[in-house]
Amino acid sequence: MNTVWALANVVVLEMVRRKDFYVLFILTVLLTGTAGSVNLFNDRSIVRYLKEICLLLIWVSGLVIAITCTARQIPAEREHRTIFPLLAKPVTRAQFLLGKFLGCWLATGLALALFYLFFGLVSASREHSWPVANYLQAGWLHWMMLGIVIAFTLLGSIVFAAPSSNGTICFVCSAGMLLLGRHLNKVALSLAEPLQSLLYGLYFVLPHLELFDVRDLIIHNWELIPWGVVALATLYAAAYAAFFLFAAWLIFRRRALN
Amino acid sequence: MPPALPIALALAIALAAGGRLLLWQQAGVQDTGSVFALLLGESRRAFADQVFLKADAYFHQGYYPSVFDLALPDGKTHMAKETEGHDHDDHSHTPSEREYRDWLERFGSHFYPAEHRHMEKFGDAREILPWLRLSAELDPHRVDTYTVAAYWLRERLNKVNDAEAFLRDGLRANPGSYEILFELGRLYAENNRDVPRARAVLELAIEKWLRQEAGKPNPDELAYGHILAQLAALEERTGNLPQAINHFTRLKRVSPAPDTVQKRIEELQTKLSRP
Amino acid sequence: METTLSIENLRVEYRSRDLGESTKVAVRALNLRVGQGEVFGFLGPNGAGKTSTMNVLLGFVPPTSGTARIFGVDVREPIARQRIGYLPEQTYYYKFLTAEELLRFYAGIFQIPKAETEQRIDAVLKLVELDHARKRQIKTYSKGMQQRAGLAQALINNPDLLILDEPTSGLDPIGRMKVREIIQRLKSEGKTVFFSSHELGEVETVCDRVAILHQGELKTEGRVSDLLREHSANLEQIFLNLIGFTSQP
Ligand SMILES: Nc1ncnc2c1ncn2[C@@H]1O[C@H](COP(=O)(O)OP(=O)(O)O)[C@@H](O)[C@H]1O
Ligand SMILES: [Mg+2]
């Protein structure tokens, strides 16, 4: 476990010292600020559209950070050849993958914490309330979802050689699932039979990232989700992340490095 | 990968997908061939429609059945109908009645507004305004945007001046719109109590309606009736009974309930005959 | 003498991904034995198969056939790598870390206790003369400094066996001399050093024994002094003869 932590620590340090994460954060702040400065019928207490825009930016940034950070890990290790001195030490391939996963996930979590803090400030500035538990749920579920995305991207970075194509593929898959996942069953029901069962099967098999998207509940101040449901969703995310990591390990463990 | 690239990609995907779903809804599923042509040619309008739907979703506290859940046959939103004073009985999607297709759908219903709710506090109505403003920016020719926004502004938020200004914006972009003129007339009549202006605007609305709709095979008689009723009530209030009777008589021809209108006419006639 | 590293009948093939291209044999029927405390020069021209052999020793590439053992443990077991230090060719270390952080990271992987880690970092940075730059990010280092940072990471766990892949390539004469000095120092501490090179002048002075590899095959192997006596020529001439290159008279 120490080995995994050591590996994760380097990934987090990398994110903290690279610039692209700050760029996204500043962009989010600027765009939210711009949206907030628009005069809407002389009413300064309108807030939900601002929450919506801010959360959309956070979701896009979260995906970008998680995917770009993860997609470059293994290709960079190989390109700079650091994977050689590393794996020449008593590190198993499983530890290597786990360390990379944990690092990307923690780094993304740090970024999310900052983003959600900003979101809290934005909404409190107009609503004058701090529904901390609701924000914690939203941030937590968001982070869990990115865990699935990170594991999937890590798998992709072993399967596809070029980090940019892997990043694009992962981005399109994640965005597609977020937008359509909830409706796949209804689409399936509208199809003719062999396709219907196929799509309905896929609907059960694919990871439903959109479950973790509770933005609308936050924007419109709905009640808390039952904590038991949040726990189940966490288990759901953990199962998919574990599955993708396992698949990555199966491919990577016998892969020749040269 | 530079970070700007995925962001642009994400926004493009999100907007394109949103627009596409919407068009799918409007085009009807049998008509998917024209969807893409529409998307390319008039994407701006499609986005405006999307934004308008967003306002409707806001009215329902984020609850909005997707195109996959139900196809609204008249393409009109629930919120727009709300402003026309429909009753609330058709809300069939309360959770107790709702049937889930599978366990995933049931589980998933915890994570988004899955229950039909309206804005609880009147003040919350202000939250839909940004989307209506954006809708107007994207498609200034979408008349609903102005009338719906004006309704909320003056009825719920007590912002008559802002409502008037927005309607005037709408009128500049759509000089012939009897719907906007009607809303404006209503505003002058009900909120400002400015009878001469209200009369002038409503009469202009009638004129526009006659010019645009009267010749059509299926004229928008509902709107015509609304304008006439408003105008008749205005004349009645100011004691101009013959003119009121005149308007009611025209209303009777298009009204779904001509008997009720006839009764009103008779009431006015007796009032008139009594010195 | 105890055997630290043994290679038996090793064969390494690279299967080409493109259809129709034949498999490339990088190493064939290689047998080697390196005793404890020896400095062993693994020589050969570019493409001879030196790196391929080392890749097997470190578990990066599975041998096509044959076996390799380090301290008697099959190289496929990760535990075999606990007492090894490895310096790969041309590596660009995590450039956003400082030398100190890099070494601390690697020490963590070896599970070296904290107090000992700091001592080791001080010692190896002094040895490779990077003490002055220890708090600078590696992206600010010159090539020679990067190579020395590489040596430092290879030494962080105080290994009993060092595997160095062309440790002097790309360095200027002073840099090369320094690396040679470090190897000699390690030898005096009783470490076993297995290093590859294609530059022969430097090998004569530091190696106990050498092996010469050409096109994946072992051409000769023995003590430097024995070889020199046997062929009555210097190492460079022996090398050129063995690889079939006859110099003009
Ligand atoms: N990944 C690879 N795929 C195919 N051939 C390779 C690969 N790596 C090395 N080779 C070939 O194997 C031979 C030995 O290479 P290498 O061990 O790197 O030589 P050296 O380190 O002695 O210069 C060379 O002919 C080289 O082209
Ligand atoms: Mg080599």
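A brief report on the enclosed structure follows.

Parameters and conventions
- Residues numbered from 1 in each chain as written.
- Chains lettered and ligands numbered in written order.
- Predicted model: local features only at pLDDT ≥ 70, side-chain atom pairs only at ≥ 80, totals over all residues.
- Heavy atoms only, no water.
- Helix = DSSP H or I, 4+ residues; strand = E, 2+ residues; numbered from the N terminus.
- Buried < 20%, exposed > 50% of the residue type's maximum accessible area, 1.4 Å probe, protein only.
- Contact = heavy atoms within 4.5 Å.
- Near = heavy atom within 4 Å.
- Polar contact = N/O pair within 3.5 Å; in protein donor to acceptor, adjacent residues only side chain to side chain.
- Phe/Tyr/Trp six-rings, centres within 6.5 Å; stacked < 30°, edge-to-face > 60°.
- Buried area = accessible area lost by both parts, 1.4 Å probe.
- Nonpolar A, V, L, I, M, F, W, Y, C, P; charged D, E, K, R; others polar.
- Pairing = 2+ DSSP bridges.
- Axes fitted to C-alpha atoms, helices over the stretch in contact; angles between N-to-C directions.
- Parallel < 35°, antiparallel > 145°, perpendicular 65-115°, else oblique.
- Left-handed = near helix turned anticlockwise from the far one by under 90°.

## As for the side chain of Thr153 of chain A
Residue and element names in this part refer to chain A.
Here is step 1: Inspection of the secondary structure puts Thr153 in helix H6 (residues 132-159).
Here is step 2: Given a relative accessible area of 0%, Thr153 falls into the buried group.
Here is step 3: When near neighbours in sequence (up to four residues on either side) are disregarded, Thr153 contacts Ile67, Thr70, Ala71, Asn166 and Cys170.

## Here we look at the site of ligand 1
Here is step 1: In the vicinity of ligand 1, the residues found are Asn258 of chain A together with Tyr14, Lys24, Ala26, Pro45, Asn46, Gly47, Ala48, Gly49, Lys50, Thr51 and Ser52 of chain C.
Here is step 2: Among the chains of the assembly, those with residues near ligand 1 are chains A and C.
Here is step 3: Here an oxygen atom of ligand 1 sits 2.8 Å away from a polar atom, N or O, in the main chain of Lys50 of chain C.
Here is step 4: Within the contact set of ligand 1, an oxygen atom lies 2.6 Å away from a side-chain nitrogen or oxygen of Ser52 of chain C.

## Let's talk about the packing of aromatic side chains
Residues and elements named next belong to chain A.
Here is step 1: Overall, the coordinates contain 31 aromatic pairs over all chains when judged by the stated rule.
Here is step 2: Ring centres of Phe25 and Phe115 lie 5.2 Å apart, and the angle between their planes is 75°; on these two criteria the pair is classed as edge-to-face. Of this pair, Phe25 sits in helix H2 (residues 20-37) while Phe115 sits in helix H5 (residues 93-127); the two residues are 90 residues apart in sequence, bridging distant segments of the chain.
Here is step 3: Exposure remark for Phe115: the relative accessible area of 1% places this residue in the buried category.
Here is step 4: With 5.6 Å between their ring centres and 20° between their planes, Phe96 and Phe252 make a pair best called stacked. Placement of Phe96 in helix H5 and of Phe252 in helix H11 (residues 227-252) is noted, with a sequence separation of 156 residues between them.

## Topic: the interface of chain B and chain A
Here is step 1: On the chain A side, the residues contacting the 43 residues of chain B number 52 residues.
Here is step 2: Summing both sides of the interface, chain B and chain A together bury roughly 4,300 Å²; the carbon and sulfur share of this comes to 72%.
Here is step 3: There are eight residue pairs in polar contact (both at pLDDT 80 or more) connecting chain B and chain A.
Here is step 4: When residues of the side of chain B that touches chain A are traced back to their parent elements, those giving at least two are helix H1 (4-27), helix H3 (43-59), helix H5 (103-108), helix H6 (129-138) and helix H8 (160-173) of chain B.
Here is step 5: When residues of the side of chain B that touches chain A are assigned to their parent elements, the largest contribution, eight residues, is made by H1 of chain B.
Here is step 6: Among the residues forming the side of chain B that touches chain A, the class breakdown is 24 nonpolar, six polar and 13 charged.

## Things to note about the sheet that holds strand S6 (residues 84-87) of chain C
Residue and element names in this part refer to chain C.
Here is step 1: Strands sit in the order S6-S7-S8-S3-S9-S10 across an open sheet of six strands; the sheet is mixed. Pairing within the sheet leaves two strands with one partner each, and these edge strands are S6 and strand S10 (217-223). Pairs of neighbouring strands in the sheet enclose a mean axial angle of 15°, with direction left out of account.
Here is step 2: When S6 meets strand S7 (residues 161-165), the two strands line up parallel, connected through four bridges. When the sheet's bridge partners are listed, Leu87 is paired in S7 with Leu164.
Here is step 3: With respect to the sheet, helix H4 (residues 143-155) is in contact with S6 and S7, its orientation differing from that of S6 by roughly 165°.
Here is step 4: The strands touched by helix H7 (residues 224-231) are strand S9 (209-214) and S10; relative to S10, the strand with the most contacts, the crossing angle is about 105°.

## Re the packing of H6 of chain B against helix H7 (residues 143-156) of chain B
Residues and elements named next belong to chain B.
Here is step 1: At a minimum axis separation of 9 Å, H6 and H7 run at an interaxial angle of 155°. In terms of axis orientation, H6 runs roughly antiparallel to H7. Here H6 runs over H7; the crossing is left-handed. Packed against H6, whose contacting residues are Leu129, Leu132, Ser135 and Ala136, the element H7 presents Thr145, Tyr146, Val148, Ala149 and Leu153 at the interface.
Here is step 2: Residue classes in the contact of H6 with H7 are distributed as seven nonpolar, two polar and no charged.

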